Amino acid sequence: AAEKSLETDSAFSFRDNIPFILNRNIFLLALAAAGPFAVFIGYSSWLPTYYVEVQDMTMEKASSIVAVMPLTNAVFNPVGGILLSKIDRRKPMLIIAGVSLPFLALGSFLMINPVIIVACIIGMGAVFSMFIVILLTVPMELPGVTAGRVGMVMASIFAIGNLSGLISPIFIGSLTDFTGSYIPALSILSILPITLIISGVLLPETGRRAKDHELTN
């Protein structure tokens, strides 16, 4: 029994699965996570301070506006799941998210009208929610990813995403101190969701349309 347990443990050891973790598709999914997580966490951390110091909002108003982003994310998660189940393809969704997030991020701090700012914040929360749903779905559909390895894929993806989210607030604070303005740091960060476009272009299609195509060939 002990030998059987040892064999089972070694079969699922981290060292033996390193080549799988370094797989091209796993890397692309992890890359996709880096940009959105950096924007979501970095902006959530610094936008309230930016609104107070630059746009003369009260801290209560600034915090309330930024709090709409995680709230929208939570509300839209079920909607995103339903929408994704009705759509045959995954790659266009990643690309759309990668194109829209930078514009919404820029609008959240370059605009002065509170209505437009709130609309951008809501848009960011909604797009991030959709991205999370895709991120949880694609690993289960990728070729070569067995049920036992899905957890490993998700761990790799969220490790990179959370790492970028850890670095982004430090980056904003450091560059703002160096330049004396929030604009450079927030602008650079807003471009990072381009990782979604790169991954959306290079990843294989895993949606129903791709599977139907395989069945007909």
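Scroll up to find the structure.
Computed from a prediction, not measured in an experiment: that's the story for all the values here.

A. The arrangement of the packing of helix α3 (residues 24–54) against helix α4 (residues 59–86) in detail. Remark: α3 packs on α4, axes separated minimally by 7 Å, with the N-to-C direction vectors making an angle of 160 degrees. Taken together, the axes of α3 and α4 are roughly antiparallel relative to one another. Here the hand of the crossing between α3 and α4 comes out right-handed. Where α3 abuts α4, its residues Phe40, Tyr43, Ser44, Leu47, Pro48, Tyr51 and Val52 lie against Met59, Ala62, Ser63, Ile65, Val66, Met69, Pro70 and Asn73. Grouping the constituent residues of the contact of α3 with α4 by class yields 12 nonpolar, 3 polar and no charged.

B. Representation of the environment of proline 114 in the model. Inspection of the secondary structure puts proline 114 in helix α6 (residues 114–141). Each C-alpha atom, one on proline 114 and one on glutamine 55, is 10.0 Å from the other, the two residues being 59 residues apart in sequence.

C. Just the packing of aromatic side chains, in detail. All chains considered together, the criterion is met by 10 aromatic pairs. An angle of 80 degrees between the planes, with centres 6.3 Å apart, marks the rings of phenylalanine 37 and phenylalanine 131 as edge-to-face. Of this pair, phenylalanine 37 sits in helix α3 while phenylalanine 131 sits in helix α6; the two residues are 94 residues apart in sequence, bridging distant segments of the chain. Its relative accessible area of 7% is what places phenylalanine 37 among the buried residues. Counting every residue linked through ring pairs, the aromatic cluster contains Tyr43, Trp46, Tyr50, Tyr51, Phe109 and Tyr182.

Definitions and limits used
Numbering of residues starts from 1 in every chain and runs along the sequence as written. The predicted origin of the model limits local features to residues at a pLDDT of at least 70 and limits the giving and counting of side-chain atom pairs to 80 or more, whereas totals for whole chains, interfaces and linings rest on all residues. Hydrogens and water are ignored here; the side-chain numbers use all heavy atoms of the structure. Axis geometry follows a simple rule: fit a line to the C-alpha atoms, using only the stretch in contact for helices, then measure angles between N-to-C directions, giving values from 0 to 180 degrees. Numbered from the N terminus, helices here are DSSP runs of H or I no shorter than four residues, and strands are runs of E no shorter than two. Should an angle fall under 35 degrees it is taken as roughly parallel, and over 145 as roughly antiparallel, whereas 65 to 115 is taken as roughly perpendicular and any remaining angle as oblique. Take the far helix as the reference: if the near one is turned anticlockwise from it by less than a right angle, the crossing is left-handed, and if turned clockwise, right-handed. We call two residues in contact when some of their heavy atoms are within 4.5 Å. Under the grouping applied here, Gly and all other residues not named as nonpolar or charged are polar, the nonpolar ones being Ala, Val, Leu, Ile, Met, Phe, Trp, Tyr, Cys and Pro and the charged ones Asp, Glu, Lys and Arg. For this analysis, a ring pair means two rings from Phe, Tyr or Trp (six-membered ring only for Trp) whose centres lie within 6.5 Å, classed as stacked if their planes differ by under 30 degrees, edge-to-face if by over 60, and tilted for the remaining angles. Only protein chains enter the accessibility calculation, which uses a 1.4 Å probe; a residue is then buried when its area is under 20% of its type maximum, exposed when over 50%, and partly exposed in between.

Coordinates in, geometry out; function isn't part of it.
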